[in-house]
Amino acid sequence: MAAVRGLCLTAAALRAVTPCRLLAASRGPRALRELSSSSPEAGEGQIHLTDSCVQRLLEITEGSEFLRLEVEGGGCSGFQYKFSLDTVINPDDRVFEQGGARVVVDSDSLAFVKGAHVDFSQELIRSSFQVLNNPQAQQGCSCGSSFSVKL
């Protein structure tokens, strides 16, 4: 968390990051809905939720809980997504809400995920929240949890 706020990489450092495995195929089309934001500039740094994400959040959150999305340095492509349940909204957070489900992103992380879609995927070997169609990402690993940024 604190590491993300202090994250400052040069363009040369970003170019030096090499992905382990690139996604070989793009994901199929998904039903996507836009979130409304508590912030006035919602159109500029929007996060979108799929129906499966909203449904899963409504199943697992209680009271004031919400899903926090953060971007941290690390992973095999340079940056990685981190999801957690939280109850504290910080002054630099942006809150996105749809159908009673909330996703919160801090302002530093939002720069790396604006325009992306948050999905909940259930597969045979795992179930997880994932970031899809991130316009800020150049490439990512096959696991979908790390990415490199467009320069």
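Because the structure is a prediction, the values reported are computed rather than measured. (Residues numbered from 1 in each chain as written. Predicted model: local features only at pLDDT ≥ 70, side-chain atom pairs only at ≥ 80, totals over all residues. Heavy atoms only, no water.)

This brings us to the packing of aromatic side chains. If you walk through the whole model with that rule in mind, you get 3 aromatic pairs. Measuring from centroid to centroid gives 4.9 Å for Phe79 and Phe112, while their planes differ by 35°, and the two rings are tilted. Of this pair, Phe79 sits in strand E5 (residues 79-86) while Phe112 sits in helix H4 (residues 107-113), and the two are 33 residues apart along the sequence. A relative accessible area of 3% means that Phe79 is categorised as buried. Take Phe112: its relative accessible area is 22%, and that puts it in the partly exposed class. Between Phe83 and Phe129, the ring centres sit 6.0 Å apart and the planes meet at 40°, which makes this aromatic pair tilted. Note that Phe83 is positioned in strand E5 and Phe129 in strand E9 (residues 127-132), a separation of 46 residues in sequence. Relative accessible area serves as the criterion here: at 14%, Phe129 is assigned to the buried category. Ring pairs connect the aromatic residues Phe83, Phe120 and Phe129, which therefore count as one cluster. (Phe/Tyr/Trp six-rings, centres within 6.5 Å; stacked < 30°, edge-to-face > 60°. Helix = DSSP H or I, 4+ residues; strand = E, 2+ residues; numbered from the N terminus. Buried < 20%, exposed > 50% of the residue type's maximum accessible area, 1.4 Å probe, protein only.)

As a further point, take the nonpolar core. Ranked by internal contacts, the top residues of the largest apolar core, which has 24 residues, are Leu69, Tyr81, Val105 and Val113. Counting only elements with at least two residues in this core, the list comes to helix H3 (51-60), strand E4 (66-73), E5, strand E7 (101-106), H4, strand E8 (117-122), E9 and strand E11 (146-149). In this view, Leu69 contacts Tyr81, Lys82, Phe83, Val103, Val104, Val105, Asp106, Ser109, Val113, Val118 and Val131; residues no more than four positions away in its chain are not counted. (Core = buried A, V, L, I, M, F, W, Y, C linked by side-chain atoms within 4.5 Å. Contact = heavy atoms within 4.5 Å.)

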